[in-house]
Amino acid sequence: MHSTPLVFHPTRPHTDQAVTQYAERHPIVGSRVELQLLTTLRCNLKCTYCSIAEGEVLESQGNVSYSLAQLDTFITTHLSQHDVYVTFYGGEPTLNKSFMQDVMQAYPHFRFQLQTNGTLLDKLPSSMLARLSNVLVSIDGGEKVTDGFRGAGLYQRVLSKLAQTREHIAGSITARVTWSSDEISFDELDNLSKTFDYVYFQFVAGEAYTTAAIEGRKAVLAQLIARFFASTDTLYPFIPLMGCVRNKVMPQRAAELYDGKTQCRVSTHILNVMPDGKIYPCPDMMYLPEMLQGDLVNNWLQASPLQPHPNMPCETCAAYTWCRGNCMKNLYLAYVKGDQKYRQNVTDPICELVRFMGEEIDKYHPKAWFAQLPLALRKQITDCEVYEYVEIMP
Ligand code: SF4
Ligand code: SF4
């Protein structure tokens, strides 16, 4: 169990010893930090499963209300020793384009990512698109499923906006699929890999897991994994499969950037800053007062309160060396808050799917497969930059 986190009182280190002590007591673990700035809590869509809608967070605030000077004071005080990468998040972040522009101009040496529903991409100037290292576009598989969750015509609209802007986006474009529907098929996911540079999927944290639904997802996973290992000269760019294989071939990589904790970074180095400046580790838990980690306006920051807990089952789980506690929100609600219904209907079925994924991958002898890859492909598997921007595990 974690101890009560220390509130960080900034002091400028002047000696090697001071630098070491500074690093030891800093609330951010390691030298990188993802600063996820929620530019607004407004959105132009009404997706049925929106995770930000949990706890009625969506639409509870408008645009950012802190000033750029306050943001700068916070960054200078707490993050001046870190490699900072900014993700613009929301709501729909592009609804507050001017804030995005101001931040990009103020910190030209930072890396930037955009998490978007894709519908307003064409409203961003090419100068901004050229600065994005990765664009995460929410999409739900195929046209029928996407339009069912997001509204009629959405799938084609997003593809059209991507076609218009693609040549201006300098970085990668990653489909972000929330695997909510039983109807999402292998063909639909496979198609996304032809349009996007990468596909990231995450099992929905909702009550979607009947026995038939779990079996259906396992069947699709088995097809994806078979396709993944079918070639040694091209990459099948599914981030959870790439990451899982990386972790099996090099388990130490699963630990090194996260202090041995969850790869979604919530226990170590991601800060979700609400438009009012309040800071939380997980964007799906910003309604829980015990998750408050800092305040940009009042310029304080403490270690993440979302930490591994003895009640969580991970350390005795066969998947632990490569999964490392997939989703801390799911584990916290089920095993720390003790929500049995959530555990039975959400957390445990997702763990079953994660374990299945690992067992299925093992059938293809990932180390032997990896050994046959050309060096450029090995590099993609071991060091893909997109791992830094998503949770890796589904
Ligand atoms: S599968 Fe579940 S229990 Fe096992 S390590 Fe992952 S999150 Fe923990
Ligand atoms: S994977 Fe991590 S960031 Fe995503 S909901 Fe779970 S705890 Fe939060």
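Whatever comes next refers back to the structure up there.
Residues numbered from 1 in each chain as written. Chains lettered and ligands numbered in written order. Predicted model: local features only at pLDDT ≥ 70, side-chain atom pairs only at ≥ 80, totals over all residues. Heavy atoms only, no water.

A. The site of ligand 1, seen in detail. Lining the immediate surroundings of ligand 1 are Pro 313, Cys 314, Cys 317, Tyr 320, Cys 323, Gly 325, Asn 326, Cys 351 and Arg 355. For the shell around ligand 1, the secondary structure elements donating two or more residues are helix H11 (320-323) and helix H13 (340-362). When grouped by side-chain class, the residues that make up the shell around ligand 1 number six nonpolar, two polar and one charged. (Near = heavy atom within 4 Å. Helix = DSSP H or I, 4+ residues; strand = E, 2+ residues; numbered from the N terminus. Nonpolar A, V, L, I, M, F, W, Y, C, P; charged D, E, K, R; others polar.)

B. Geometry of unusual backbone geometry. A cis amide bond links Gly 90 to the next residue, Gly 91, at an omega of 25°. Its location among the elements puts Gly 91 in the loop between strand S2 (83-89) and helix H3 (97-106). At Asn 299, a position not held by glycine, the phi torsion is positive, near 55°. Here Asn 299 is to be found in the loop between strand S9 (294-295) and strand S10 (300-301). The class of Asn 299 is partly exposed, set by a relative accessible area of 24%. (Buried < 20%, exposed > 50% of the residue type's maximum accessible area, 1.4 Å probe, protein only.)

C. Main features of the site of ligand 2. The full set of residues close to ligand 2 is Gln 202, Cys 264, Val 266, Cys 282, Pro 283, Asp 284, Cys 327, Met 328, Lys 329 and Glu 391. Grouping the constituent residues of the shell around ligand 2 by class yields six nonpolar, one polar and three charged.

D. Geometry of the packing of aromatic side chains. Throughout the structure, instances matching the rule amount to 13 aromatic pairs. Here the aromatic rings of Phe 228 and Trp 369 are separated by 5.1 Å at their centres, their planes lie at 40°, and the arrangement is tilted. Within this pair, whereas Phe 228 is found in helix H8 (residues 211-228), its partner Trp 369 is found in helix H14 (residues 366-371), the two being separated by 141 residues in sequence. Each member of the pair, Phe 228 as well as Trp 369, is classed as buried. Ring centres 5.0 Å apart and planes at 80° place the aromatic pair Phe 229 and Trp 369 in the edge-to-face group. Taken together, the positions of Phe 229 in the loop between H8 and helix H9 (239-249) and Trp 369 in helix H14 put the pair 140 residues apart, joining distant regions of the chain. By the burial criterion, Phe 229 is buried, and Trp 369 matches it. Through a chain of ring-to-ring contacts, the aromatic side chains of Trp 179, Phe 201, Phe 203, Tyr 236 and Phe 238 assemble into a single cluster. Geometry around Tyr 85 places Arg 111 over its ring, the cationic atom sitting 4.8 Å from the centre. (Phe/Tyr/Trp six-rings, centres within 6.5 Å; stacked < 30°, edge-to-face > 60°. Lys NZ or Arg CZ within 6 Å of the ring centre and 35° of its normal.)

E. Up close: H3. If you check which residues of H3 are buried, you get Phe 99, Met 100, Val 103 and Met 104. Looking straight down H3, one finds its buried side chains confined to an arc of 135°; they lie on one side. The elements touched by buried residues of H3 are strand S1 (32-38), helix H2 (68-78), S2, strand S3 (111-116), helix H4 (126-129) and strand S4 (132-138). (Arc of directions from axis to C-beta. Contact = heavy atoms within 4.5 Å.)

F. Region of the structure containing the pattern of salt bridges. Taken as a whole and judged by the stated rule, the model has 26 salt bridges. When the shortest N-O distance is used, the salt bridge between Lys 161 and Asp 122 registers 3.2 Å. Residue Lys 161 is located in helix H6 (residues 154-165), and its partner Asp 122 is located in the loop between S3 and H4; the two are separated by 39 residues in the primary sequence. Exposure remark for Asp 122: the relative accessible area of 27% places this residue in the partly exposed category. For Lys 329, the salt bridge goes to Asp 284, with nearest N and O atoms at 3.1 Å. Of this pair, Lys 329 sits in helix H12 (residues 328-336) while Asp 284 is found in the loop between strand S8 (278-280) and S9, placing the two residues 45 residues apart along the sequence. In terms of burial, Lys 329 and Asp 284 fall into one category: buried. (Salt bridge = Lys/Arg side-chain N within 4 Å of Asp/Glu carboxyl O.)

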